[in-house]
Structure formats: structure tokens, C-alpha cells
Amino acid sequence: MSRAHGGEKTVFRARFSSITDTDICNAMARLGEPDHNEALSVDARQELDLRIGCAFTRFQTKYFQGKYGNLDSSLISFGPCQTPTLGFCVERHDRIQSFKPETYWVLQAKVITDKDRSLLLDWDRVRVFDREIAQMFLNMTKLEKEAQVEATSRKEKAKQRPLALNTVEMLRVASSSLGMGPQHAMQTAERLYTQGYISYPRTETTHYPENFDLKGPLRQQANHPYWADTVKRLLAEGINRPRKGHDAGDHPPITPMRSATEAELGGEAWRLYEYITRHFIATVSHDCRYLQSSVSFRIGPERFTCTGKTVISPGFTEIMPWQSIPLEESLPTCQRGDSLAVGEVKMLEKQTSPPDYLTEAELITLMEKHGIGTDASIPVHINNICQRNYVVVESGRRLRPTNLGIVLVHGYYKIDAELVLPTIRSAVEKQLNLIAQGRADYRQVLGHTLDVFKRKFHYFVDSIAGMDELMEVSFSPLAATGKPLSRCGKCHRFMKYIQAKPSRLHCAHCDETYSLPQNGTIKLYKELRCPLDDFELALWSSGSRGKSYPLCPYCSNHPPFRDMKKGTGCNECTHPTCQHSLSMLGIGQCVECESGVLVLDPTSGPKWRVACNRCNVVAHCFENAHRVRVSADTCGACEAALLDVDFNKAKSPLPGDSTQHTGCVFCDPIFQELVELKHAASCHPMHRGPGRRQGRGRGRGRRPAGRPGARRPKDKMSALAAYFV
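A quick note: this is a predicted structure, and the numbers were derived from the prediction, not measured.

Student: Tell me about the overall build of the chain, and please be specific about residues and values.
Tutor: Scanning the chain from N- to C-terminus turns up 20 helices and 23 strands. Relative to its length of 725 residues, the chain is extended, with a C-alpha radius of gyration of 35 Å against a globular reference of 27 Å. C-alpha extents for the chain along the principal axes are approximately 110 × 70 × 65 Å. Within the chain, buried positions represent 46% of all 725 residues.

Next up, the structure:
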């Protein structure tokens, strides 16, 4: 591979399903060429999802967030798979809301088998919805003293062992039985795989190949404290061949590859591993066999039945006890024509109940049934509708749609039902599978599908008023949301701060909305104003130990300078004279990232901070200093801006009772002692040996014209890097 010349192919694919010596060596010994059709299928899926999702998401996000203030979602996203997934949840919600309970009546009979025991019988009619008819049947039976045995049956039945484990079944069980969300379960399974405990966890196959070594993984479990006896008995008596399942042609079913203990894995990783291992052992075990008995009784003209089950051989339920046949009261031995005394016959009034909200396990089943997503993407789609605040996860891992999720789905139904129904995505998935099989043309499928959705998008844009009517009922307009914070530079009236995601400022008089940085707190910054547009400045902060910087709402949304990006604050503004700008507060190039500049935080005193305006590097310095100011002078060694620091006389750490000092934060040994050590940046290139310390200049931000490029001091920079986060 490394000595290829000319037009020789040097790219090969190694196919393996577990990180074990045997599998890796076998894969390297049987290298194959990548499948071009599979790659085209993946490319088509990515391009379709990206282009369709971006178009709809961008339009409806800008449209609705520009009108409503309490949507509480940073993104009003649409996805060809995500939206039908949400549709399943809302459809169940609609069924619950429209459900009308009905009253029905049942008869319940009790017969006496001996002095101490009685037996409850089930009515063969099950239930009736007319009380007078139920009362008639009760009158016909309640005066009877004996129940006649009309028929008895005893039949041996088997409960089949499970099919081999694939991704979808693992996610279902993780959610319903282990209390783990699909996304978290998938991440846990991937860690177990990379650590070598299980085989590859993304597979649709439930059938082991004929040449698969089943005894190898089983022997790994022979000394496990929880199931050693079961495994040894299986190895001694001979394993049972797993049931024939579905072969999707990808990876083998999920299999434990080596033994592990609870102390070794701990927490949720152990619970998932334990289930995978028990499931595997169950697939090579015998079926559970039980005897089902039933007795039919006649009380007057009505018939009643009781059934019971007795386990003959537990089989696989020994290793999966939650699947075992429940212990039931044994039925009395009786023959046709026998009679038992009637204890009582009574009529019970009940009501039909609505379905419950979908569980994650039920949603996964629906997605698999309708072809929404793949085994790898199903957890992502469910996680997306949770993160977008379209649904909330309640107890029992049930998914209850929020107002936003309900309105979106009802809006899609109103405009174009195919946007939310699973049919169109299912058809697209079939076409993508045909591309992978070489039976469909990549460009034709891509072009046709994009053309269909392009037409749907234009119709959606033209008909958005239909969804907007539903939004108006559930959400408040921007003008009626939020609280006054800062003054608008155009009309000089107060703008309202809307805290709901995405946080923003809205001027009701100008009907303008200004986006703000997310994931932090916003407050007014000393009622100071921007010299360019007269907007009052706001102060964004990520917390007491994090970054903070002032920003102009207008400049942040409409950058006044070519080299200033949208959504940034004053710490990236290159205004030459503004006291809050990068030009006045910038110190030098960040020690971690290539493009960032370290900027003094003027609001951080007396616990002063220097922070990068691009990455998360923060240094705490000069604690208890009275004043810190960026000097117009620069360091002769690295050309970073010097700092003028004034300390209170009682708390000055400077030598010789001095209270003032000017120096370079990178090169001055006195200043280096006053920088608080938080985390060592040991991964930075400066820590990889003296040969890597030469680098780009540390000039101050956007350097004034004429300032030469700075050089990085060899012996100072790596020492300072250890002080930054």
C-alpha cells in the first residue's frame, strides 16, 4: 500500500465487527475495495438531509422567531426523518385528547374449589356496553348454586428464545427496562465496543452466519460469577443453534466478546453489558416449555373460563428471569360433568381508558416499521426532537409533545401532510437502498427527490400563513414578551430582553429584533453607549469564573467593520478609539488558538481576567488590583501590549512597598507570579519541545499599520501557557 506507483489502487477496506486480535488479523488478511455504490448511497442521504433540512429550518426559524418571543427553542428545525418522528408523538397526543371514555360492564364469578381456596372466572362475553343487558345476564346467573365443568384442556406450549440482538432491539430494551435514552444507550454501547467488550453495536442483522464461532464468546463467560453455572451447562450439554433471523448483510448481531464485572465497568455501562450478555446466552439456550391448562364452566346459561400455566422447563428464562412464565395459582383437577360451588357472581362497572403517550421503545418500533432513519440514526432523531423542545421525556421514558411540537405538526398537516407523514421518507429510503445495491442511478434519485422537495418548499413558503394562524393562538408576539433592558439607538426607547431561547432584544417601536450570544447571562453595561450607533451596551457573561465582554446589539448583528464577524462583541471590534474595543483592550495573540487575541476584561476587577476573544482560554490575574489598564506601549521582546497595574498599598504583592508596575504579561517575571494557575495546557505545541516554540507573532489584535510581525519568545511563552485554560 505504501509503495504504490502510477495508477495503482492504494485504498482498501478492512471489515471487522469486534476489536479482538482474531477479527483484526482476519480483516487485514482479507482486505477488500470500498463499495462505490454504498458510498454514493451515503452521499445522497447526506446531501438530501442537509439541503432539505437547511432550507426549511432556516426559513421557519427566521419567520417565527422574528414574530414570537416565547417559543423557547433556539432553532425551529425541520428534518426529513426528524419531523415524521415528531409526527408519531403528536399523533398519539391527538388520540389522547380526542378520546372519549365509554362505560362498560363485566360479570365476575367466583367458585369454591375447597375449604380455603376460591377461583376467579373470566366471562366469555368479556364485556357489554349496555347496563340493562349486563343486569339481565347477572339476574340469570346469580341465583345458581353450582358451576358445571363443560370442558378441560391441557396443552404443552413453548415460549421461543429471543432472536439475536440488533441495534433497534437493544435501544428498545435500554429505554423500556434500563431507563436509558436511545442516544445515551448508543454512546454507552460504542464505548463498550471500543474497549473490546462487545461487537460492533450498529447492525440490523438478527441472524448469525453459519461459520460464526458461538462457543468462543460463550467460553469467555464460563467463569463469570453471575451466569457461570448456566454457561458451563450449555457448553457441556451442547448449545442450541440460534433462531433464524434477518440477515441485512452488514455486521453480525451484537455479541459480548470478553467477560467483565460490575466493578470493572460500573453504572450504566455494566447494566447494558449485562443485558447484552444475558441476551446472547439466551439465544443459544433452549426454549421455555410450559403446560397451559384451561377449564370451561357454565353458570346458568352463561359460560366462564379460567386458565393456568405450569413451567415444565425454564430454558432461556433461567438467564432472562424477567421473561419467565409468571407463577399462577394451579387449577383444580376436574373432569367434564363435575360441579363446583358458586361463591358469588357480581357485575363490575368499568370505563375504557385512553392510550398513554408513546414511550421511546414504542417510538423506535414505529420508526423501524415505517422506515424512518437507520439503526445508527434513530437515536439521533429522537434526541433532536427532545433538544429542540418539541417533546419532553416524562416518567417511564414517555414522550409528551410540547405546544411548539404540536403546533408545528398541525401546521405541516394543514399545509402539506406529506412533510410530516412517514410515507415520503420511507419511499426515499427505498430509493437510497437501491443506489447501494447498484439498481438505481445516484444522480437521477438525487435530482428527482430534490425537485420534489423544492416544489414542496416553495408551496410551504407561500402557505406559511396557515401555520402562523396556529402559532398566534399558542404563543405571544415579541412586543408582549420579555422585560425592558437597554435603549435602542434609533428611537431611544427601551428594548425588551427576551430570555426564552434564543435570547434576543426586541424594539417594539422600530419592530427590530437583535440576536444575542447564547448560553450566558445578559445585563445592562453601566448605561454606556456605542460611539457608532448610540445603542446602549449590554454585558454578556458565562459566569463568575468564565468570560464576559460588553457588546453593542446593533454592531453585533450588523458588523461595522469588514474584519468583524456577526454575533461578536466589543472584544472583536476594531474601532480605533472606542474604550471597549479590541484596539484598546487587546494584549496579544492567544497561547492556545491561532486566530484569537487575549483581551483584558475591564469589568472583572478586583478579580481581573484576561480572556481570548475566540476560544475558551481564561487567565485570572492581579487579584485585588485597584486598576488595570492596557498601555499604548508594547513589549520589546514579543510586541504584546504592556499592562499598567495599580494595587492598594495594604494589599500590594509588589516588592519594596511599591503599588504600581508596568510590564508584559508574557515576559515580565513579576506578572507571571500573579497569574492564577488553573489547568495546564500541556497539549499545546509549545510543550512539545524547544524545536516547536518558534511561531506566529503575538502582536496585538489587528495591528496598526507599520507594526512589524511579532516573534514568540523562546523561553517565556511555554511557562505562561500553563496558566491558561
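Student: Can you break down helix H5 (residues 167-176) residue by residue, with the values?
Tutor: Counted residue by residue, H5 has eight buried out of 10 residues, so it is predominantly covered. Those residues of H5 that fall on the buried side of the exposure criterion are Thr167, Val168, Met170, Leu171, Arg172, Val173, Ala174 and Ser175. Where H5 is buried, its residues meet helix H6 (182-194), helix H10 (267-283), helix H11 (360-370) and helix H12 (378-387).

Student: Before we move on, could you go through the side chain of Thr205 and cite the residues and values that matter?
Tutor: By the secondary structure assignment, Thr205 is in the loop between H6 and helix H7 (215-220). On the accessibility criterion, Thr205 (2% relative accessible area) is buried. Side-chain polar atoms of Thr205 contact the backbone nitrogen of Ala248, separated by 3.1 Å. Residues in contact with Thr205, not counting those within four places in the same chain, are Leu165, Asn166, His246, Asp247, Ala248, Gly249, Asp250, His251 and Pro253.

Student: Kindly report on the nonpolar core, identifying the contributing residues and their values.
Tutor: One recurring pattern in soluble globular proteins: nonpolar side chains tend to sit buried together. The biggest cluster of nonpolar side chains holds 91 residues, and the ones touching the most others in it are Met170, Ile198, Leu363 and Met471. For this core, the element with the most residues is H10, which contributes nine residues. Judged by nonpolar contacts, the second largest core, of 36 residues, contains Leu585, Trp608, Phe666 and Cys667.

Student: Help me get a handle on the confidence of the model for the chain, residues and values and all.
Tutor: Summing up the model confidence of the chain, the mean pLDDT is 86 and the portion of residues at 70 or higher is 92%. Contacts from residues 677-725, a stretch scored under 50 in pLDDT, to residues over four places away or in other chains number 117 contacts.

Student: Account for the side chain of Asp646, with residues named and values stated.
Tutor: Looking at where Asp646 falls in the secondary structure, it is placed in strand S21 (residues 641-647). Of the residues examined, Asp646 reaches a relative accessible area of 11% and is grouped as buried. Separated by 2.7 Å, the side chains of Asp646 and Arg627 make a polar contact. Ignoring sequence-local partners within four residues, the contact set of Asp646 consists of Ala625, His626, Arg627, Thr659 and Gln660.

Student: Before we move on, can you summarise the pairing of strand S7 (residues 391-394) with the specific residues and values?
Tutor: Pairing of S7 with strand S8 (residues 398-401), which is carried by four bridges, proceeds in the antiparallel orientation. Each bridged residue has a counterpart across the sheet, and for Val391 the counterpart in S8 is Pro401. The antiparallel pairing of S7 with S8 creates a hairpin that spans three residues between the two strands, and Gly396 there sits at a positive phi of about 80°.

Student: Can you lay out unusual backbone geometry for me, pointing to particular residues and giving the numbers?
Tutor: Most of the time, phi is negative for any residue but glycine, and the peptide bond is trans. The linkage connecting Lys501 with the following residue, Pro502, adopts the cis geometry, with an omega of -10°. Looking at the secondary structure, you find Pro502 in the loop between strand S10 (494-498) and strand S11 (504-507). One non-glycine residue, Asp534, adopts positive backbone phi at about 70°.

What counts, and at which threshold
- Residues numbered from 1 in each chain as written.
- Predicted model: local features only at pLDDT ≥ 70, side-chain atom pairs only at ≥ 80, totals over all residues.
- Heavy atoms only, no water.
- Helix = DSSP H or I, 4+ residues; strand = E, 2+ residues; numbered from the N terminus.
- Rg over C-alpha atoms; globule rule 2.2 N^0.38 Å.
- Buried < 20%, exposed > 50% of the residue type's maximum accessible area, 1.4 Å probe, protein only.
- Contact = heavy atoms within 4.5 Å.
- Polar contact = N/O pair within 3.5 Å; in protein donor to acceptor, adjacent residues only side chain to side chain.
- Core = buried A, V, L, I, M, F, W, Y, C linked by side-chain atoms within 4.5 Å.
- pLDDT = per-residue confidence, 0-100.
- Pairing = 2+ DSSP bridges.

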